[in-house]
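# Structural characterization, general
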Amino acid sequence: MKIASPIGNWHEKASKLAIEGRLFVDGEFRNAASGARFESINPADDSVIAAVSRGDDADIDLAVAAARKAFKSGAWSRLAPRARMAVMLKFADLIEAHAHEFALLDTMDMGKPIQEMLTVDIPLALTCLRFTAECIDKMEGTVGSTANDVLSYVLRQPIGVVGCIVPWNYPLLMTVWKIAPALAAGNSVVLKPAEQSPLSGLLLARLFVEAGGPAGVLNVVNGLGREAGKALALHNDVDKIAFTGSAEVGKLMLIYAGQSNMKKVATECGGKSPHVVMADAANLETAAWWAAMGIFGNQGEVCCAGSRIIVEKSVMPDFIDALKTEAKKGYVPGDPLNEATTMGPLVSREQQKRVLNYIDIGKQAGATCVLGGGVPDGLDGGAFVAPTIFTDVDNSMTIAREEIFGPVASVIPVSGYDEAVAVANDTNFGLAAGIWTSDLGKAHRFARDVEAGMVYVNSYINGDMQLPFGGWKESGNGRDKCMDAIVSYTQSKGVWVTIGN
Ligand code: NAD
């Protein structure tokens, strides 16, 4: 699926876009209680896109109260499954109808090429919403086997008020992965978007009400993580936090739950994912195409980026040549509002500085920079970083251990399968892993041996709504997409009924 392009120029469309920056609470837009605002900046040219209300604990209190009131009213939580499904499907249709606005908002907010919004983010968000809606009346409880005089069964019910805290790398998509299953299960939601990408969540909330969603069921409070985010995660009337973001902040979510009401916590965090290329890979060019996509797609700002490319030494020279070719061909930084652009700026000047610092650390550690390594020529007016490849990387180097979250590949040589698996697993993270091999046994052994929540054989970052998305180890404990994700926004209740003989 691809969203059709506009008639006319994206810059012209952007200049005419009416942008809403207020909070959305109890079915209406309102300023933050304090009146404070922050600026949303376009990282392609440092221009100000909008002034956005900066919510804090007072606004979180209001939003949580609205969500609780809506939940208790039963207007959504007890709505017949197919009626809830109808609203969710209408919600998806409205998002599709407003696809150009979503494309502009996320591209201007975080810099990704607009063609990626049209071909990846929006189609995947729609698929998630529609899949989730279709699951609503497919969820079942269970009846236990008991003695004849008893009926025992397990009900699945919504949890209550869910706080969704999301990152900026796929603003619309990551938000939909959280709110779609939470809403489908009958919960009320308070969403806290990332401060770098606060705009598309507000449009989502408006469209949910337009689709027939009751006021108070979906609320959006923008603000800083340490203010609005922390207040939401510490709130005593929030029943679950669904978090996507860094492992560092994911760990805080668990602490906040312990410091408040022991709310349920689901975390989807970062990674340092291994992408293994064995000498028996059927086609090195194909492997290189996927390896380039795995680390340079979305500017490398991808949780499951294949940032450690682990290559068997005998094919290293050929593979590096192929990887450089694919990087130069497929990832050319430029204006993200031009539909031909394949790589945009990073999300912010701060992120650019962070990534450039990692590049310096890699050079100082003795890794060889064979491509990129700085700001692309002529693009110093925005937060751009060139696709960068380091070879001769040792897995103990900082660039092989820490999540850079930018277009920086660390290529690590290994002697064979056993060393590849040992290096792949020598990390605190466990999100994704990939292997290229024509040996079927090796492929399946890898799927068992590697410590990761998602494994790709002769492919990378692939899958559909049936496949759970989530990690092992410090990559988090939650699962997005799939039927299990919806179930994770319910809680079970065991019912024991003595019915007599
Ligand atoms: P981040 O952890 O800095 O922020 C994520 C969210 O948490 C933001 O909304 C932020 O405002 C909020 N936040 C920050 N500090 C907080 C605090 N003290 N209390 C409450 N909320 C707080 O992450 P980011 O920079 O926005 O996103 C990048 C990270 O997200 C990367 O590590 C990436 O791997 C991860 N990510 C993971 C997945 C996944 O599915 N596993 C998907 C996308 C991104």
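For clarity, every value in this text was computed on a predicted model and none was experimentally measured.

## Focus: the domain arrangement of the protein chain
Along its sequence, the protein chain is organised into domain 1 (24–269 + 476–493) and domain 2 (274–464). Taking the mean C-alpha position of each, domain 1 and domain 2 sit 31 Å from one another. Taken residue by residue, the interface counts 24 residues in domain 1 and 27 residues in domain 2. Taking both partners together, domain 1 and domain 2 bury about 1900 Å²; carbon and sulfur atoms supply 59% of that area. Where domain 1 meets domain 2, there are one salt bridge. Linking D46 and R349 is a salt bridge whose minimum nitrogen-to-oxygen distance equals 2.9 Å. Inspection of the region where domain 1 meets domain 2 yields seven residue pairs in polar contact (both at pLDDT 80 or more).

## Regarding the site of the ligand
Near the ligand, the surroundings consist of 29 residues, among which K192, E195, S246, C269 and E403 are the closest. A distance of 2.7 Å separates a nitrogen atom of the ligand from a polar backbone atom of C269. Take E403: an N or O atom from its side chain is 2.6 Å from an oxygen atom of the ligand. Protein chains bury 90% of the 840 Å² of accessible surface belonging to the ligand in isolation. Those elements that provide at least two residues to the shell around the ligand are α8 (225–233), β10 (240–244) and α9 (247–259). Here the element with the most residues in the shell around the ligand is α9; it accounts for four residues. Residues that form the shell around the ligand fall into these classes: 17 nonpolar, seven polar and five charged. When residues are assigned to domains, the shell around the ligand turns out to be shared by domain 1 (24–269 + 476–493) and domain 2 (274–464), each giving three or more.

## With respect to helix α6 (residues 171–184)
Across its 14 residues, α6 extends 20 Å between first and last C-alpha, which sits within 8% of the 20 Å expected from 1.5 Å per residue. Along its length, α6 reaches its greatest deviation from straightness, about 25 degrees, at W177, and the proline P181 lies no more than four positions downstream. Among the 14 residues in α6, 14 count as buried, and that is most of the element. Once α6 ends, the next one or two residues include G186, with phi positive near 100 degrees.

## Side note on the packing of aromatic side chains
Each pair of aromatic rings is reported with the distance of its centres and the angle of its planes. Overall, the coordinates contain eight aromatic pairs when judged by the stated rule. By way of ring pairs, the aromatic residues W76, F91 and F208 are connected into one cluster. The positively charged end of K240 is found above the aromatic ring belonging to Y489, 4.1 Å away from the centroid.

## Remarks on the nonpolar core
Soluble globular proteins tend to bury their nonpolar side chains together. In terms of nonpolar packing, the biggest core is built from 106 residues, with M88, I309 and F319 touching the most fellow members. Sort the elements by how many residues they give to this core and helix α5 (residues 114–135) lands first, with 11 residues. Each of domain 1 (24–269 + 476–493) and domain 2 (274–464) accounts for three or more of the residues forming this core. Excluding residues that lie within four positions of it along the chain, I309 makes contacts with H275, V277, A291, I295, F319, L323, A409, S410, V411 and I412. Counting residues in each nonpolar core, the second largest holds 28 residues, with V393, I404, Y417 and A452 among its members.

## Things to note about the side chain of N395
Take N395: it is sitting in the loop between β15 (388–391) and α13 (398–401). Polar contacts involving the side chain of N395 include one to the side chain of R308, which spans 2.9 Å. N395 has contacts with R308, A400, R401, I412, V423 and D426, leaving out every residue within four places of it along the chain.

## A short note on the sheet that holds β15
Spatially, β14-β15-β16-β13-β12-β18-β19 is the arrangement adopted by the seven strands of the open sheet, whose pairing is mixed. Two strands bound the open sheet, and with one partner strand each, they are β14 (368–371) and β19 (454–457). Strand-to-strand twist across the sheet, computed as the mean angle between neighbouring axes with direction ignored, equals 20 degrees. Sheet topology places strand β12 (residues 274–277) next to strand β13 (residues 308–312); four bridges connect them, and they run parallel. Bridging from a neighbouring strand, V276 pairs with I310 of β13.

## Quick word on the pairing of β12
Here β12 shows a buried face lined by P274 and V276 and a second buried face lined by H275 and V277. Once you follow β12 into helix α10 (residues 284–296) and on to β13, the crossover reads as right-handed. As judged from the three bridges shared by β12 and strand β18 (residues 432–436), these two strands associate in the parallel manner. Across the sheet, residue V276 finds its bridge partner in β18, namely I435.

## Quick notes on the packing of helix α3 (residues 81–97) against α6
α6 packs onto α3 with a crossing angle of 160 degrees between their chain directions and a minimal axis gap of 10 Å. Judged on the interaxial angle alone, α6 and α3 are roughly antiparallel. In this structure, α3 uses R84, M88 and F91 to contact α6, whose residues at the interface are I179, A180, L183 and A184. Each residue belonging to the contact of α3 with α6 can be placed in one class, and the counts come to six nonpolar, no polar and one charged.

Reading guide: rules and limits
Residues numbered from 1 in each chain as written. Predicted model: local features only at pLDDT ≥ 70, side-chain atom pairs only at ≥ 80, totals over all residues. Heavy atoms only, no water. Domains from an automatic or database assignment. Contact = heavy atoms within 4.5 Å. Buried area = accessible area lost by both parts, 1.4 Å probe. Salt bridge = Lys/Arg side-chain N within 4 Å of Asp/Glu carboxyl O. Polar contact = N/O pair within 3.5 Å; in protein donor to acceptor, adjacent residues only side chain to side chain. Near = heavy atom within 4 Å. Areas by Shrake-Rupley, 256 points an atom, 1.4 Å probe, with all protein chains shown as cover. Helix = DSSP H or I, 4+ residues; strand = E, 2+ residues; numbered from the N terminus. Nonpolar A, V, L, I, M, F, W, Y, C, P; charged D, E, K, R; others polar. Expected span 1.5 Å × (residues − 1). Bend = angle between axes of the 7 residues up to and from the residue. Buried < 20%, exposed > 50% of the residue type's maximum accessible area, 1.4 Å probe, protein only. Phe/Tyr/Trp six-rings, centres within 6.5 Å; stacked < 30°, edge-to-face > 60°. Lys NZ or Arg CZ within 6 Å of the ring centre and 35° of its normal. Core = buried A, V, L, I, M, F, W, Y, C linked by side-chain atoms within 4.5 Å. Pairing = 2+ DSSP bridges. Axes fitted to C-alpha atoms, helices over the stretch in contact; angles between N-to-C directions. Right-handed = clockwise from strand over helix to strand, strands pointing away. Parallel < 35°, antiparallel > 145°, perpendicular 65-115°, else oblique.

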